[in-house]
Amino acid sequence: MSAVRDEVYHYNEERWEALAEADALFTRPMLDLDAEEAQAYLGLDRLGIPRDLAGRKVLCLAGGGGQQSAAFALLGADVTVLDISSGQLERDRLAAEHYSVGIRTIQGDMRDLSALYDSTFDLVWHPYSLTFVPDCRIVFRQVARVVGKGGHYYLMCANPFFAGLTHDSWNGEGYTLKQPYIDEAETSYPDQDWVYDGKLAGDRIRQPREYTQTLGRIVNSLIQEGFMLTRLSEVRSDYPGAEPGSWPHFTGVAPPWLEFVWQYRPGVTSSEGEGVQGHG
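What you see is a predicted model; the values in this text were computed from it and never measured. Each chain has its residues counted from 1, following the order in which its sequence is written. Residues qualify for local features only when their pLDDT is at least 70, as the model is predicted, and side-chain atom pairs are given and counted only at 80 or more; totals for whole chains, interfaces and linings, by contrast, use all residues. Note that the side-chain values use all heavy atoms of the structure and ignore hydrogens as well as water.

### So, the packing of aromatic side chains
Part 1 of the reasoning: Two rings from Phe, Tyr or Trp (for Trp, the six-membered ring) form a pair when their centres sit within 6.5 Å of each other. Planes less than 30 degrees apart are called stacked, planes more than 60 degrees apart edge-to-face, and all others tilted. Counted under the stated rule, the structure contains 13 aromatic pairs.
Part 2 of the reasoning: Considering the side-chain rings of Phe72 and Trp125, the 5.2 Å spacing of their centres and the 75 degrees angle between planes classify their relative orientation as edge-to-face. With Phe72 in helix 4 (residues 68-74) and Trp125 in strand 4 (residues 121-126), this pair connects stretches of sequence that are 53 residues apart. The pair Phe72 / Trp125 is uniform in exposure class, with both members buried.
Part 3 of the reasoning: Each residue in the set Trp170, Tyr175, Trp247, Phe250 and Trp257 is aromatic and connected to the rest through ring pairs, giving one cluster.
Part 4 of the reasoning: In this analysis the charged atom, NZ for Lys or CZ for Arg, is taken to sit over a ring once it is within 6 Å of the ring centre and within 35 degrees of the ring normal. A cation sits over an aromatic face here: Arg209 above Tyr11, 4.0 Å from the ring centre. Helical segments are the DSSP runs of H or I of at least four residues, strand segments are the runs of E of at least two, and each set is numbered from the N terminus. Exposure is judged per residue with a 1.4 Å probe applied to protein chains only, and the accessible area is read against the type maximum: over 50% gives exposed, under 20% gives buried, and values in between give partly exposed.

What follows is the structure, given as structure tokens:
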């Protein structure tokens, strides 16, 4: 269990327990995968991450729900999941039982990985969750401690330039930026309709509360921790013919998510590295 027990922790725990109870999209375990489908789902080739995971130690960080953990376990990885929600972790255990694989689960906060040993993991896989805590630097210090030298850190996070925007921000001509572009600016907005059935969930699920992490803080903090950037992708949709003000149109104009792949190479300067590989 994490030593972090602040108000941010309790807000996130309560929200994700409610999401799990409502069978939200990101809480549904994937129970119909085979190894080929697991590879395609994770997209390791696209991300430049070695696809041979047999025996490799993988940490799904703030990534409960029985989705990524199941895919990695099917590929032979030694999988650990750390998540704030006991309901999410129950889904990882359900997936493990379904596939007859081993998945270790730990309830805790991404800001405190003290339950994990130093230099343990070959890959830390961190799906969208970084914006749920105010200061990403705390998380990055924890990741740097538990990943092994030469290991990879996959990070999906909000595109900070569009933080707080949704398709509802359409003003007839474009999507209006209103949020200040500063670190730790707090924002909250309704969940998208596709996240869960609002009629069934009622009002028991609190809105997501997120904090802006500027691009400079993300990149420079990880460099300072000894990580080298090897891949950057902007997650967006093709939207030919999409209606302005719709979700597909919004994501095509203002890509809401970024994907990074970092390699832990402490002591290596950027000029000695292999450079940054872009991917749009």
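### As for a negative patch on the surface
Part 1 of the reasoning: Exposure above 30% relative accessible area and the absence of a salt bridge qualify a residue for a patch, where like charges join within 9 Å and nonpolar side chains (Val, Leu, Ile, Met, Phe, Trp, Tyr) within 5 Å. All accessibility values rest on the Shrake-Rupley procedure with a 1.4 Å probe; residue burial counts only the protein chains present in the view. Any Lys or Arg side-chain nitrogen found within 4 Å of a carboxyl oxygen on Asp or Glu counts as a salt bridge. Counting rule applied: Lys, Arg positive; Asp, Glu negative; His and chain ends not counted. The location of each charge is read from NZ of Lys, CZ of Arg, CG of Asp or CD of Glu. On the surface, Asp32, Asp34, Glu36 and Glu37 cluster together into a patch of negative charge.
Part 2 of the reasoning: Of note, Glu36 is situated in helix 2 (residues 35-42).
Part 3 of the reasoning: Classification of Glu36 as exposed rests on a relative accessible area of 66%.

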